[in-house]
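# Structural characterization, general
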There are 2 protein chains.
Amino acid sequence: MSTFETTATIASFGGKLLKLKHRAKTTKCDMNLNLYLPPSATSSSSKDKNVPVLIYLSGLTCTGDNCAEKGFLQRTASKKGVAIVYPDTSPRGLGVKGEDESWDFGTGAGFYVDAVTEGYKEGYNMYSYITDELPKALFGQFEKLDGSRVSITGHSMGGHGALTLFLKNPGKYKSVSAFSPICNPINCPWGQKAFKGYFGDDKQDLWKEHDASELVRKWKGDPLDILIDVGTGDNFYKQKQILPENFVDAAKEAGVGEGVKLRMQPDYDHSYFFISTFGEDHVEHAAKYLLK
Amino acid sequence: MSTFETTATIASFGGKLLKLKHRAKTTKCDMNLNLYLPPSATSSSSKDKNVPVLIYLSGLTCTGDNCAEKGFLQRTASKKGVAIVYPDTSPRGLGVKGEDESWDFGTGAGFYVDAVTEGYKEGYNMYSYITDELPKALFGQFEKLDGSRVSITGHSMGGHGALTLFLKNPGKYKSVSAFSPICNPINCPWGQKAFKGYFGDDKQDLWKEHDASELVRKWKGDPLDILIDVGTGDNFYKQKQILPENFVDAAKEAGVGEGVKLRMQPDYDHSYFFISTFGEDHVEHAAKYLLK
């Protein structure tokens, strides 16, 4: 009674990258994803205990493939003995009116929320998919994975996802980090367009519940240790889509400013060249908490 | 009087990846390539001496972009202080009859030879481009690069290119290595199709002059130290396109078998997942000779 179909198994850095497909109830369609299993999870002779998991949430237009091919996270994950899950960024092929009209809304742009608007509320439920349905299915089938030790990271829209899922679910994830995350979606064009489409103009409470800066401003949980990298050459940063300073300011207002480490990386852009350069740091940041 | 136009400059692993374009005489068209400059070549305050160079030759259908994005050679090149040149795999847009009819001949499939057949002999001169025109232009313009310290590597068709260019030009390259190289093109379908198209059926002398196994059989130069990785899960290996055993046997016949280190990597395929996993070893192999 397997939930996932394994469509390919690819050797990578001593471990295996599995291309998986499963039927998801929350998104009403087949969902593809990649699962990287480090050597400690694939060797039959391995005496290693259960393997902790890092979830990597991708950005606009991406699938789970891009970072698995270009992000270079597997090298460090192999060394540290951490599995990586690379989910897709939205449901696909639902046929909802408007879902394929722009690259920053609908298909490839699920924004890790559960939609409430007509048409979208049936299948655009990436929040429930990532926080609930996907991990339950994965940890049910892949017994080597340790569902009690999970960290989260992501890029751009996926950085927004990582920060908000972490902040909305204290204790669920051992750590969080992000590459050029959308830090304050209610105040940037990408976020405003998406939240209008998934929540509607009038649901300002829902907008705020999925805004990392609003969430960190109210943080009452354990001390934070959030690693964020942003490139100074990132055009989306220059266009004020990322707004990391707003997140830092909100954390300071909440008295938890010391728990946010924002590194502005000179000249780096928004691409996978940026992610691959600093990927090692982010996997090590997660491993510090997953392995302690 | 700049030869190259820099169309993009991308921060990567502390150095810069330059997207370059120049007009090439040997190939009768504009050629694109990528040049990775490690920090020692880009820092204005750097007191480093000239920077050695590793040429990476790509495989069928690829451009200079694929490995720059997915090969992860830049990480080790940055650490070692080695520049990497990623050239294109053929002329583009010449309009030669038949050049776009198949993926393994013509466009994207120059095979690193100088063609002699009608139509192809004018521009399909990747041998002269890689061994002569491109390095002269690069070392003329980028003064930090050390044209006297150059190594070569490559993948598949590019592995064939690396092995043959090294063996045909003793002393020109400090070292050579290859990822799943086409080792005996005169005896595999890819090579036979290409050599027939670029040399003609009757030019068996030219065929042999560009066959790595034939060349190593006649090797009279310095002791060899050739690193070759091939995945046992590589479908092209299974289809006998790679034939690394023929290269090893030919080296043994020539009494230089000890200079060929063939590593059969369990389960790895022909993809960039394979290259990225072992890229560190190949850059270190080159650095051992470039930096001594």
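What you see as residue numbers is a count from 1 along each chain, following the sequence as written. Lettering of chains starts at A and numbering of ligands starts at 1, both following the order in which they are written. Where totals are concerned, whole chains, interfaces and linings use all residues; where local detail is concerned, this predicted model gives features only for residues with pLDDT of at least 70, and gives and counts side-chain atom pairs only at 80 or more. Excluding hydrogens and water, the side-chain values take into account all heavy atoms of the structure.

The next subject is the overall build of chain A. Tallying secondary structure elements over chain A gives 11 helices and 9 strands in all. Here the C-alpha atoms of chain A give a radius of gyration of 18 Å, agreeing with the 19 Å that 2.2 N^0.38 yields for 292 residues. Taking the principal axes of the C-alpha coordinates as reference, chain A spans close to 55 × 45 × 35 Å. Buried residues are those whose accessible area, probed at 1.4 Å on protein chains only, stays under 20% of the maximum for their type, while exposed residues exceed 50% and partly exposed ones sit between those limits. Out of the 292 residues belonging to chain A, those deemed buried represent 61%. Throughout, a residue-residue contact means that at least one pair of heavy atoms, one from each residue, lies within 4.5 Å. Counting contacts in chain A only where the partners sit at least 6 residues apart, residues at least 24 apart contribute 70% of the total. What sets the accessible areas is the Shrake-Rupley method with a 1.4 Å probe; for residues, cover comes only from the shown protein chains. In the form shown here, chain A has an accessible surface area of approximately 11,400 Å², with 48% of it arising from carbon and sulfur atoms. Within chain A, the 36 negative side-chain charges are centred at a point lying 5 Å from the centre of the 35 positive side-chain charges. A run of H or I in DSSP counts as a helix once it spans at least four residues, and a run of E counts as a strand once it spans at least two, with each numbered from the N terminus. The globule rule used here is 2.2 Å times the number of residues to the 0.38 power, and the radius of gyration it is set against is calculated over C-alpha atoms. Charge counting treats Lys and Arg as positive and Asp and Glu as negative, with His and both chain ends excluded. A charge is said to be at NZ when it belongs to Lys, at CZ for Arg, at CG for Asp and at CD for Glu.

Residues reaching a pLDDT of at least 70 in both copies supply the C-alpha atoms on which the copies are superposed by least squares. Of the transformation superimposing chain B on chain A, the axial component is 0.0 Å and the angular component is 180 degrees, with the fit at an RMSD of 0.0 Å. Here the copies are linked by what is in effect a two-fold axis. Among all C-alpha atoms of chain B, that of K70 of chain B lies closest to the rotation axis, at 2.5 Å.

This part is about the pairing of strand β2 (residues 15-24) of chain A. All names here are of chain A. In terms of burial, β2 is largely enclosed, as 7 of its 10 residues are buried. Should DSSP find at least two bridges between two strands, the strands are taken to pair. Note that strand β1 (residues 5-12) and β2 share 7 bridges and pair antiparallel. When the sheet's bridge partners are listed, A8 is paired in β2 with K19. Hairpin connection between β1 and β2: a loop of 2 residues separates the two successive antiparallel strands, and F13 in this loop has a positive phi of roughly 50 degrees. Pairing analysis gives 9 bridges linking β2 to strand β3 (residues 29-37), with the strands arranged antiparallel. In the sheet register, K16 faces β3, and the bridge partner there is L37. Connecting β2 to the antiparallel partner β3 that follows it, the hairpin turn spans 4 residues, and K28 within it adopts a positive phi of roughly 60 degrees.

This part covers a positive patch on the surface. A patch consists of residues exposed above 30% relative accessible area that lack any salt bridge, with like charges linked at up to 9 Å and nonpolar side chains (Val, Leu, Ile, Met, Phe, Trp, Tyr) linked at up to 5 Å. Basic side-chain nitrogens of Lys or Arg form a salt bridge, by our definition, when they fall within 4 Å of a carboxyl oxygen of Asp or Glu. A grouping of K79 and K80 of chain A together with K79 and K80 of chain B is seen on the molecular surface, where their side chains present a positively charged patch. Elements with a minimum of two residues in the positive patch: α3 (73-80) of chain A together with α3 (73-80) of chain B. Residue classification places K80 of chain A among the partly exposed residues on the basis of a relative accessible area of 34%.

As a further point, take the environment of K168 of chain B. Residue and element names in this part refer to chain B. As for its placement among the helices and strands, K168 is situated in helix α5 (residues 157-168). Along the sequence, K168 and S78 sit 90 residues apart, while their C-alpha atoms lie 29 Å from each other. If sequence neighbours within four positions are ignored, K168 has contacts with Y127, E209, H210 and L215.

Between chain B and chain A, the contact holds 20 residues from the first and 21 residues from the second. The term buried area refers to how much accessible surface (probe radius 1.4 Å) is lost by two components on association, counted for both of them together. Both faces combined, the contact of chain B with chain A buries some 1,900 Å², and carbon together with sulfur accounts for 61% of it. Applying the counting rule to chain B against chain A returns 6 salt bridges. Where E69 of chain A meets K70 of chain B, a salt bridge forms, and the shortest distance between an N and an O atom there is 3.5 Å. As used in this structure description, the phrase polar contact means that two N or O atoms lie within 3.5 Å; if the pair is within protein, one of them must be able to donate a hydrogen and the other to accept it, and residues adjacent in sequence are counted only when both atoms belong to side chains. Here chain B and chain A share 12 residue pairs in polar contact (both at pLDDT 80 or more) between them.

Turning our eyes to something else, we now look at the packing of α3 of chain A against helix α11 (residues 272-290) of chain A. Residue and element names in this part refer to chain A. With axes taken as lines fitted to C-alpha atoms, and helix axes fitted only over the stretch in contact, angles between N-to-C directions fall between 0 and 180 degrees. At a closest axis distance of 8 Å, the pairing of α3 and α11 adopts a crossing angle of 30 degrees. Between α3 and α11 lies a crossing whose hand is right-handed. Residues L73, R75, T76, A77, K79 and K80 of α3 touch α11, and the partners they reach there are G279, E280, V283, E284 and A287. For this scheme, ten residues count as nonpolar: Ala, Val, Leu, Ile, Met, Phe, Trp, Tyr, Cys and Pro. Four count as charged, namely Asp, Glu, Lys and Arg, and the remainder, Gly too, count as polar. When grouped by side-chain class, the residues that make up the contact of α3 with α11 number 4 nonpolar, 2 polar and 5 charged. Handedness of a crossing follows from how the near helix is turned relative to the far one, being left-handed for an anticlockwise turn of less than a right angle and right-handed for a clockwise one.

Another aspect to go through is the packing of aromatic side chains. Only the six-membered ring of Trp is used, alongside the rings of Phe and Tyr, when aromatic pairs are assigned; centres must lie within 6.5 Å, and planes under 30 degrees apart are stacked while those over 60 apart are edge-to-face, with the rest tilted. One pass over the structure, following the stated rule, counts 38 aromatic pairs over all chains. Through a chain of ring-to-ring contacts, three or more aromatic side chains come together here, namely Y56, Y86, F179, Y268, F274 and F278 of chain A. Two conditions define a charge sitting above a ring: the NZ of Lys or the CZ of Arg must be within 6 Å of the ring centre, and it must be within 35 degrees of the ring normal. The aromatic ring of Y127 of chain B is capped on one face by K168 of chain B, whose charged end is 5.5 Å from the ring centroid.

Residue and element names in this part refer to chain B. The 6 strands are arranged β1-β2-β3-β5-β4-β6 in an open sheet whose pairing can be described as mixed. A single partner strand is all that each edge strand has here, and the edge strands are β1 (5-12) and β6 (145-154). Averaged over all adjacent pairs, the angle separating strand axes in this sheet is 25 degrees, with direction ignored. Bridging between strand β4 (residues 51-57) and β6 involves 6 bridges; their strand directions are parallel. The partner of Y56 across the bridge, within β6, is T153. Packing of helix α4 (residues 126-141) onto the sheet brings it into contact with β2 (15-24), β3 (29-37), β4, β5 (83-87) and β6, and relative to β2 it is tilted by some 115 degrees.

Our next topic: the sheet that holds β1 of chain A. Residue and element names in this part refer to chain A. Judged by pairing direction, the sheet is mixed, and its 6 strands sit side by side in the order β1-β2-β3-β5-β4-β6 without closing on themselves. Sheet topology places β1 and β6 (145-154) at the edges, where each strand pairs with a single neighbour. If you compare each strand with its neighbour and ignore which way they point, the axes differ by 25 degrees on average. Along the sheet, α3 contacts β1, β2, β3, β4 (51-57) and β5 (83-87); its crossing angle with β5, the most-contacted strand, is approximately 145 degrees.

Another aspect to go through is the side chain of T164 of chain A. Residues and elements named next belong to chain A. Positionally, T164 belongs in helix α5 (residues 157-168). In this structure T164 comes out as buried when scored by relative accessible area, which is 0%. Dropping the residues within four chain positions of it, T164 is found in contact with H210, D211, A212 and L215.

Turning our eyes to something else, we now look at the UniProt feature "active site" (unreviewed entry) in chain A. All names here are of chain A. Those places that UniProt annotates as "active site" (unreviewed entry) correspond, in this numbering, to S156, D234 and H270. Spatially, the listed residues are clustered: although they cover 115 residues, their C-alpha atoms lie within 10.9 Å of one another. Mapped onto the fold, S156 is located in the loop between β6 and α5. The class of S156 is buried, set by a relative accessible area of 3%. If near-sequence neighbours (up to four positions away) are discounted, S156 is found in contact with G59, F179, S180, P181, I182, W190 and H270. In this fold, D234 is placed in the loop between β8 (226-231) and α9 (235-238). Residue D234 is classed as buried on the basis of its relative accessible area of 0%. Excluding residues that lie within four positions of it along the chain, D234 makes contacts with S180, Y268, D269 and H270. A polar contact is formed between the side chain of D234 and the backbone nitrogen of F236, at a distance of 2.8 Å. UniProt positions are given in the numbering used here, feature names are shortened, and annotations may be inferred rather than shown by experiment.

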